[in-house]
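Inside the fold
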Amino acid sequence: MTLGIYIARRFFWTVARVFLIFFGILMLIDMIEQLRRFSGAGIGLSQAMGLSLMNVPETLYRVLPLIVIIGSIAMFLGLARSSELVVVRAAGQSGLRFLLTPLVVAVALGLVTVAVFNPIVAATSKQYDVARARLSQGGGSVLSVSDTGLWLRQGGGDGQIVIRAARSNPDGTELFGVTFLRFDATGLPSARIEAKTATLKAGAWVLDGAKQWDLTTTNPEQTASRTTEISLPSDLTAESIRDSFGTPSAIAFWDLPAYIAGLERAGFSARAYRLWFQMELAQPLLMAAMVLVAAGFTMRHTRFGGTGQMVLYAMLTGFAIFFLRNFAQALGDTGQIPISIAAWSPPVAAVLMALGLLLHLEDG
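I will try to describe carefully the structure that is included in this document. (Residues numbered from 1 in each chain as written. Predicted model: local features only at pLDDT ≥ 70, side-chain atom pairs only at ≥ 80, totals over all residues. Heavy atoms only, no water.)

1. Let's talk about the overall build of the protein
Of regular secondary structure, the protein possesses 12 helices and 7 strands. Looking at the protein as a whole, 44% of its 364 residues are labelled buried. Restricting to contacts in the protein with at least 6 residues of sequence separation, those with at least 24 account for 61%. As displayed, the protein offers around 18,200 Å² of accessible surface, 64% of which is attributable to carbon and sulfur atoms. (Helix = DSSP H or I, 4+ residues; strand = E, 2+ residues; numbered from the N terminus. Buried < 20%, exposed > 50% of the residue type's maximum accessible area, 1.4 Å probe, protein only. Contact = heavy atoms within 4.5 Å. Areas by Shrake-Rupley, 256 points an atom, 1.4 Å probe, with all protein chains shown as cover.)

2. Thoughts on the pattern of salt bridges
Proximity of charged atoms lets side chains of opposite charge pair with each other. Under the definition given, this model contains 5 salt bridges. A salt bridge links Glu-33 to Arg-37; the nearest nitrogen and oxygen atoms lie 3.4 Å apart. Linking Glu-33 with Arg-37, this pair stays in helix α1 (residues 2-37), spanning 4 residues, or about one helical turn. The salt bridge partner of Glu-221 is Lys-211, with a shortest N-O separation of 3.0 Å. Remark: Lys-211 occurs in strand β6 (residues 204-214) and Glu-221 occurs in the loop between β6 and β7 (225-233); sequence separation between them is 10 residues. (Salt bridge = Lys/Arg side-chain N within 4 Å of Asp/Glu carboxyl O.)

3. Topic: helix α10 (residues 283-298)
In this model α10 runs 23 Å from its N-terminal to its C-terminal C-alpha over 16 residues, within 8% of the 22 Å that 1.5 Å per residue would give. Counting buried positions along α10 gives 15 out of 16 residues, so the element sits mostly inside the fold. (Expected span 1.5 Å × (residues − 1).)

4. Looking at the packing of helix α9 (residues 271-281) against helix α11 (residues 307-333)
Running from N to C, α9 and α11 point in directions that differ by 145°, and their axes come no closer than 9 Å. Considering the relative orientation of α9 and α11, their crossing is right-handed. Here Arg-271, Ala-272, Leu-275, Trp-276 and Met-279 of α9 lie close against α11, whose contacting residues are Arg-325, Gln-329, Gly-332 and Asp-333. Counted by class, the contact of α9 with α11 contains 4 nonpolar, 2 polar and 3 charged residues. (Axes fitted to C-alpha atoms, helices over the stretch in contact; angles between N-to-C directions. Left-handed = near helix turned anticlockwise from the far one by under 90°. Nonpolar A, V, L, I, M, F, W, Y, C, P; charged D, E, K, R; others polar.)

5. Here's the deal with the environment of Leu-292
Along the polypeptide, Leu-292 turns up in helix α10. Using a relative accessible area of 5% as the deciding quantity, one classes Leu-292 as buried. Once the C-alpha coordinates of Leu-292 and Leu-352 are considered, the two residues, 60 residues apart in sequence, prove to be 9.4 Å apart. In this structure Leu-292 touches Leu-99, Leu-103, Val-351, Ala-354, Leu-355 and Leu-358, once residues within four positions along its chain are discounted.

Below, the structure is given as structure tokens:
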């Protein structure tokens, strides 16, 4: 028990130090990038730091597997150089049993990351998107999905138009059961239009089976009119609607199931969000795989030589697993492979490969 606590504490603090080093480097790089990107908006150093504090957590979250493998390599090298691995083996513990403690800590870190760090990253990413849109465009996202349907907002020279639809086609260019609510320059509602369908064509919404109310009159229902087709100018495009969804990482892990259900209810494809949810569930296994890979190459005595070469092999293997995970995610997003295979095959393959290497080294 004493040895296990010692190894767990050492592994945790080594990974924590690597995490802080990455955080400091990424903060400096991102602050410079924010100052360059929003130089026209006249932001200062404090504003750039605030933007970086909102943006860097997402980058850190994505590279956490690499942070874990670097921390694992550093810990195993430290134990080997101090001959502590020799003492552990002389005490009668096998290498595989010794690895149980780092594996348990890695899985626990993965669980805490998904349960706690993920919602923090989602919140900071969302705030960064809002701040970036305010600085660069003067506005925020044009789309929102809720239990009441799909909501869109578009601007105009004479005010804003808020659009609500019961559902839509996958790219949001065709809406069904739609309501348009127009606001004037003072923010007061001026007109309401309900239609069976609305299709976005060449910079305008084409409404079919529409009924229009003038809300500036005393009795809007009395002056309401029905028309077969109405064309409303719009600054929205299929690309702007699609981009306003943001990334799946901007949705907290605990909110993903409800968000996926809302997307599918509104008629959008939720494949990318389903894949991200499965990848988050596989995160603890990926953390354990990185520890096993690091152990397979570096859990050996330094007197055998070739330490630098083994560290290089471990790093290259870790980057290969990281690349394979991102490649599988891309294939899963496009539907070329099933979601479960895209999310779970990279960490499972990494664990099996590392276990094979460890068994070969330990038992010949």
